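# Coordinate analysis (summary)
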Amino acid sequence: MNLLDFADTKLKQKKLLFEQLRSLNKKTKSGRSLLKIHSKWVDEVIQEFYKNFSQNTQNCIIALGGYGRNQLNPFSDIDLMILYTKLDSSIEKLSKDLSDLLYKLGYDTSVIVRTLKDCFELSKKDDTIKTSLMDSKYVCGNQKLFLRYEFILKKIIEMDKVSYVKTKIESYQIRHTKYGNTVFVLEPNIKEGVGGLRDYHSVVWIYKAIFNTKNALDMKKHNLMTDFDYETLTSALYFLWRLRNAMHFVANGKNDILYLNLREAIASEMQIYASSYFSAQERLMRKYYYYARKMQDVCEKLINKAAIYISENKNPVVFEIDSKTKVVNNHLEFYDDLNLYNILILFYYSVRYCVNLSFDTIYSINTTNISNQKNDLFVFKLFRLIFSYPKPMYKQIYQMHKSNLLNKLIPEFGKIYCLSEYSMYHKYTVDEHSLQALYFLDELFEKKTDSPLIMRLQHIFLSLNERDLFLLS
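The structure contained in this document is the topic of the report that follows. Please read these numbers as outputs of a predicted model, since none were measured by experiment.

## Focus: the packing of aromatic side chains
Aromatic ring pairs are defined here through the distance separating the ring centres and the angle between the ring planes. Tallied over the entire structure, the rule returns 19 aromatic pairs. Considering the side-chain rings of phenylalanine 18 and phenylalanine 249, the 6.1 Å spacing of their centres and the 90° angle between planes classify their relative orientation as edge-to-face. In this pair, phenylalanine 18 is assigned in helix H1 (residues 3-27) and phenylalanine 249 in helix H11 (residues 227-251), connecting sequence segments 231 residues apart. The same class applies to phenylalanine 18 and to phenylalanine 249, which are both buried. Aromatic ring contacts, followed pair by pair, group Phe319, Tyr348, Tyr349 and Tyr353 into a single cluster.

## With respect to the sheet that holds strand E8 (residues 356-357)
Pairing between the strands of a sheet is mediated by backbone hydrogen bonds and can be parallel or antiparallel. Across the sheet, which stays open at both edges, the four strands sit in the order E5-E6-E7-E8 with mixed pairing between neighbours. What marks the edges here is a single partner per strand, and that holds for strand E5 (318-320) and E8. Where strand E6 (residues 325-328) lies against strand E7 (residues 331-334), four bridges are found, and the strand directions are antiparallel. Among the inter-strand pairings, valine 327 is bridged to a residue of E7, identified as leucine 332. Along the sheet, helix H14 (residues 340-353) contacts E6, E7 and E8; its crossing angle with E7, the most-contacted strand, is approximately 155°.

## Points about the pattern of salt bridges
Per the counting criterion, the structure on display carries 17 salt bridges. One salt bridge connects lysine 10 with glutamate 48, and the closest N-O pair in it is separated by 2.8 Å. Note that lysine 10 is positioned in helix H1 and glutamate 48 in helix H2 (residues 32-53), a separation of 38 residues in sequence. Lysine 10 gets classed as buried once you look at its relative accessible area, which sits at 7%. Notably, a salt bridge pairs lysine 96 with aspartate 100, separated by 2.9 Å at the nearest N-O pair. Residue lysine 96 and its partner aspartate 100 are both found in helix H4 (residues 89-104); the two are separated by four residues, about one turn of the helix.

Conventions used here
Residues numbered from 1 in each chain as written. Predicted model: local features only at pLDDT ≥ 70, side-chain atom pairs only at ≥ 80, totals over all residues. Heavy atoms only, no water. Phe/Tyr/Trp six-rings, centres within 6.5 Å; stacked < 30°, edge-to-face > 60°. Helix = DSSP H or I, 4+ residues; strand = E, 2+ residues; numbered from the N terminus. Buried < 20%, exposed > 50% of the residue type's maximum accessible area, 1.4 Å probe, protein only. Pairing = 2+ DSSP bridges. Contact = heavy atoms within 4.5 Å. Axes fitted to C-alpha atoms, helices over the stretch in contact; angles between N-to-C directions. Salt bridge = Lys/Arg side-chain N within 4 Å of Asp/Glu carboxyl O.

Scope: geometric values only; no functional claims are made or implied.
Set out below in structure tokens:
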């Protein structure tokens, strides 16, 4: 059999496989099994190709990126590295034939050719290359060469790990800024956006560099993640993987953006149907926002822990506000049972001292029952004080949103939670648009500008009394 006939045979197999995978993705609650089945099939194709068409056995083929993690969505890119000891015409032919095969099978493919020395030297110069090598797996070829590669890879991961982790945390923050620092955008990117799959990848890379863990399960086994955080993270992962599978099948190609015009088809693909209150696409988006925010919350918590771990000063900086409340490493912690009054006191402190609540405190607020406490007069006065305090408050009110406190205290806000306006004039959901208004109001506190209009607005805003500030907020 020549290479062309081999490719034709595998293309027919792939079409049958994708029909089975599409059917499986409709039935399952998790997209994980589909990714593993797809990755294994690609393994077998490359192994059979190597056995029949490679002229040199002194090399090996290594999977990188999503393929290296066994996380191949239907139209994911396939990144490969041919590791060799001596460059000759057979290596060049292997690279070309492998690229041609995968291209004919409909994959976007990158095949790089390197020695062990190349891997080590290039990783020292470029963190992107180091990251790509961290997601490696053996596919076929000389196993002794791969064992030598694994030894070199351990050295690569160990070198300059503090600088690497700082760079990864910085790139995580820059990426979030690029995508608006919120999951509640109208057409979210489920891979690169806030609360997307890249958040999880960033956590895995950071913890692999510091603790040499492989994935979330490994992190849990090493007590680097609580059981609750692990369950929360994996439930979000399974949903996002299944969603990405459906998006690829509907688009019949690689697609990571939840476009307005594709949502009905994607909802149908995932067997999400209309209810008496919401359309199918509204239910799809509410599910997405729910899981994306869970992903964001857990990943932010883990990255914050990593930042503290690599900090030069590992002793927590503690500032006591009262007998129950402390600021620990610039996050508010509460050491007693929570009720609505205590919760609002915490948010008042948060606004007054410009510090965020800790991730555990936000979770505790989320699970606190406040239904019988909302009519308390002191509660109303505290709520009004928070919203009329003459300081920036967007971050604190955003945390109220994350902890679902706004939904509980303001029924009208609950009605616009995750509500999408289906027009291109709206970049965010309705609730997020309301919070964004606070964000721009906050800028008027300290905004330096030469614009006469902005300066006039700033003057008016800073002259408002507490009652006016409360009404404006």
